[in-house]
Structures are given as structure tokens and as C-alpha cells.
Amino acid sequence: MPIDAPKILKHGAGHSEQAFSPPAVLPPSIAVGPVSAIQALAETPEEEIWLAKQKSKRTRRAYKQDVEHFMRTLCIRSYDDLRQVDHRAVIAWERIMRDSEKAASSTIRRRLAALSSLMKHLVRHGHLGKNHVAEVERPSINREQGTTLAFSKAQANKLLNTPAPDTIEGLRDRAILSVGLQVGFRRAEIASLSVGDLHQNRGYDSLRVARKGGRHDALAIHPQTAQRLRAYLEKAGHRDDIDGPMFRPLKRNRKNQEFRRYMDPDAIDRVVRKYARMIGLDRGYSAHSMRATFITTALENGAQLEDVQKAAGHRDPSTTKLYDRRGYNPERAASFFATY
């Protein structure tokens, strides 16, 4: 079993103790001149530079957690110690995750990918001799079909109309579900929408979206989605706050933050799970289920794969196909014909 390591990880000689986290874009010493800024950056551990260069906040958080898991599991307490590991440490980590923790194959692959990214960076900058993750065989996954559950058309329709149509919360949630089920955005894409992202282009209502990897796109949207967005913005009273968040929390959190803030992507998940329970779906459904439903329904209704791929923001059509559930037709299952 893994040995618990302290939550505070040391950088090693010459560095004060602090948690594994990215530094500021520029250190405070920038104010006293460029030489001080360069010196401060030169003293920043390369591990933190690697983390800070990741464009997505969610990617930084996930990578940080995955590398911390590796260090905590093997009781690695400093960056200096981290740079001394070899393939044996990575193999031991993979075995612990697989045999002791019973982690899912996708989780193990993701964690190994995070550590591999860090090691590649350290090799590139002369702090490590080789990427030791490359010597570890990663667990296989099904690349022909994803595992995300999709809603049936009847379930999706019921889900869309379950939130109350006369309250701010209900109108907000109706709009969120519509963007997920009828536009196919990821939960992080939904959460990051601003009021001004709803616009008209060539006479059609459209949404601008910030994609993974810093890409941006604009897509024509379903008329019902546009109507629901406008109904919510009108009721909530911030339709003219063009630069402000579109979907907002309805109350302050424990940190007493203002209402004018973006919803957390996890809150989008909670919205979907809440209404899924209300229509009798207890487990396994999430915001990602809306995306699988959108892709399957669009393809089923005659949309071209390349158009669905663009709407989903996938670089590769094979990724889009992972969400296609048309091949799963329960009504034609052989089991239903085995009557005695």
C-alpha cells in the first residue's frame, strides 16, 4: 500500500517549502525591474514552469493532482527526489493503481499521461535523462466506442422540459440543458459562456465558444436554445451585461463571492444529475451524457459527420465516433428474441 507523504512538498535545496502549484505569470519582483524578474523566474522550479505553461485551468488542476498522486504514493517529498526516479518507480505506481486502488483504466492512462508530459518537459530542459513513462505499458481502452451513457430522445425531451419555466433557476437550467442537448457543448464550454457570446450571424442565432486548447469557434444554434437563453437573460436581468457571465450561481458561496461570476463546470454536472434523477434516472448520467446524446441524435437525423465533428469541437472524426450510440439499439437486441 502507498505510504502517506506530507501534503507540503519540498522543492529541494535552495527552495522554501510550498505546495506543488504553478507560479504567477510574472513574479511580484517585476515591479522593481526586468533583472529581478528574470532572476526570480530563473529560480522557479522547472516542474512549476511545466504546470504554468498549460493553457487550461482545468488541465493544470488535473495535472497537478495526478503528479501529486505519484509523489504521495511513492513518498517523494521534493522535486530533487522526483528527478531521481526511474522506470521502476513508474511501474510500481502503475501496479499500485491497478492492483491496490483498483483504478479505472482511463484514470491510470490519464495519470501516466500527466507524468509523461512532465518528464518530457524535464528531459527537454536537461533536468532528466529520459522519459521513464515511455517504458511502461498503459492499460488498453475501447477506442471504438465510448462508455458515456446517452439519453434516449424521449428522455432528452423530458429532461429539457422538467425545470420550472417561471423561475430564474428553472429558466437558467432549461437554457443550460438546451445548450448541452441541442448544441453539444462541453460542461466547461457551457460554464464559460458570456452574455455577448449569444449573437446573430448571417441572420441566424449563434454562440461563440472557447474550445479546449485555446481555440475559438462560432456555431449556429437551435431556435429553441436561442429562445431559452433570451428568456433566462430577461428574467435574470443581466441581458445587457455583454461582458459578464451568461450562467451565474444564484447565491453566494462560502467564500462570499459576488453573484456576477461564472458557474463552475462541476455545477453544470449537478444540474444535469438533478433533473436526471427527477425523471427517474438515478446513476451514470452526467453533463457528458448531453454531449453523447447530441452527437448521436444529430447523426441519426441525417447530419454529416464532418458537421457534427465541427459542432463538437473535435480535431479528429474518430473522437466524434466514440460518442455515436446509433450502434446500440436495445429494441433489436438478440435477448428479446430468445423467448421460451
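Preceding this paragraph is the structure being described.
Here is a short report on the structure shown in this document.

Parameters and conventions
- Residues numbered from 1 in each chain as written.
- Predicted model: local features only at pLDDT ≥ 70, side-chain atom pairs only at ≥ 80, totals over all residues.
- Heavy atoms only, no water.
- Phe/Tyr/Trp six-rings, centres within 6.5 Å; stacked < 30°, edge-to-face > 60°.
- Helix = DSSP H or I, 4+ residues; strand = E, 2+ residues; numbered from the N terminus.
- Buried < 20%, exposed > 50% of the residue type's maximum accessible area, 1.4 Å probe, protein only.
- Expected span 1.5 Å × (residues − 1).
- Contact = heavy atoms within 4.5 Å.
- Polar contact = N/O pair within 3.5 Å; in protein donor to acceptor, adjacent residues only side chain to side chain.
- Patch = residues over 30% accessible without salt bridge, like charges linked within 9 Å, V, L, I, M, F, W, Y side chains within 5 Å.
- Areas by Shrake-Rupley, 256 points an atom, 1.4 Å probe, with all protein chains shown as cover.
- Salt bridge = Lys/Arg side-chain N within 4 Å of Asp/Glu carboxyl O.
- Lys, Arg positive; Asp, Glu negative; His and termini not counted.
- Charge placed at Lys NZ, Arg CZ, Asp CG, Glu CD.

Overview of the packing of aromatic side chains
All chains considered together, the criterion is met by four aromatic pairs. Between the aromatic rings of phenylalanine 70 and tryptophan 93, the centroid separation amounts to 4.9 Å while the plane-to-plane angle is 65°, which identifies the pairing as edge-to-face. Remark: tryptophan 93 occurs in helix H5 (residues 87-100) and phenylalanine 70 occurs in helix H3 (residues 57-73); sequence separation between them is 23 residues. We note that phenylalanine 70, like tryptophan 93, is buried.

Quick notes on helix H12 (residues 287-300)
In this model, H12 (14 residues) spans 20 Å end to end at C-alpha, consistent with the 20 Å of a helix rising 1.5 Å per residue. Along H12, 11 of the 14 residues are buried, which leaves the element largely enclosed by surrounding structure. Of all the positions in H12, only Ala287, Ser289, Met290, Arg291, Ala292, Thr293, Phe294, Ile295, Thr296, Ala298 and Leu299 are classed as buried. Among the structural elements, helix H7 (153-160), helix H8 (168-182), helix H9 (187-191), helix H11 (265-278), helix H13 (305-312) and helix H14 (317-322) are those in contact with the buried residues of H12.

Details of the environment of arginine 208
Counting through the fold element by element, arginine 208 comes out in strand E2 (residues 204-210). Under the relative-accessibility criterion, arginine 208 is labelled partly exposed at 38%. Once the C-alpha coordinates of arginine 208 and alanine 220 are considered, the two residues, 12 residues apart in sequence, prove to be 9.1 Å apart. Not counting the four nearest positions on each side in its chain, arginine 208 is found in contact with Leu193, Gly196, Asp197, His199, Asp217 and Ala218. Among the polar contacts made by the side chain of arginine 208, one reaches the main-chain carbonyl oxygen of glycine 196 at a distance of 2.7 Å.

Regarding a positive patch on the surface
Taken together, the side chains of Lys53, Lys55, Lys120, Arg124 and Arg138 make up a positively charged region of the molecular surface. Structurally, the position occupied by lysine 53 is in the loop between helix H2 (46-52) and H3. A residue is classified by how much of its surface remains accessible, and lysine 53, at 43% relative accessible area, is partly exposed.

With respect to the pattern of salt bridges
Tallied over the full model, the rule gives 22 salt bridges. Between glutamate 300 and lysine 153 there is a salt bridge, with its nearest N and O atoms 3.4 Å apart. Here lysine 153 lies in helix H7 and glutamate 300 lies in helix H12, a separation of 147 residues in the sequence. According to the relative accessible area criterion, lysine 153 is partly exposed, its value standing at 45%. Taking the shortest distance from any N to any O, the salt bridge between glutamate 189 and arginine 211 comes out at 3.2 Å. Placement of the pair is glutamate 189 in helix H9 and arginine 211 in the loop between E2 and strand E3 (216-220), with a sequence separation of 22 residues. Accessibility classification places glutamate 189 together with arginine 211 in one group, the buried group. One network of salt bridges, in which partners are shared, links Arg186, Glu189, Arg211, Asp217 and Lys310.

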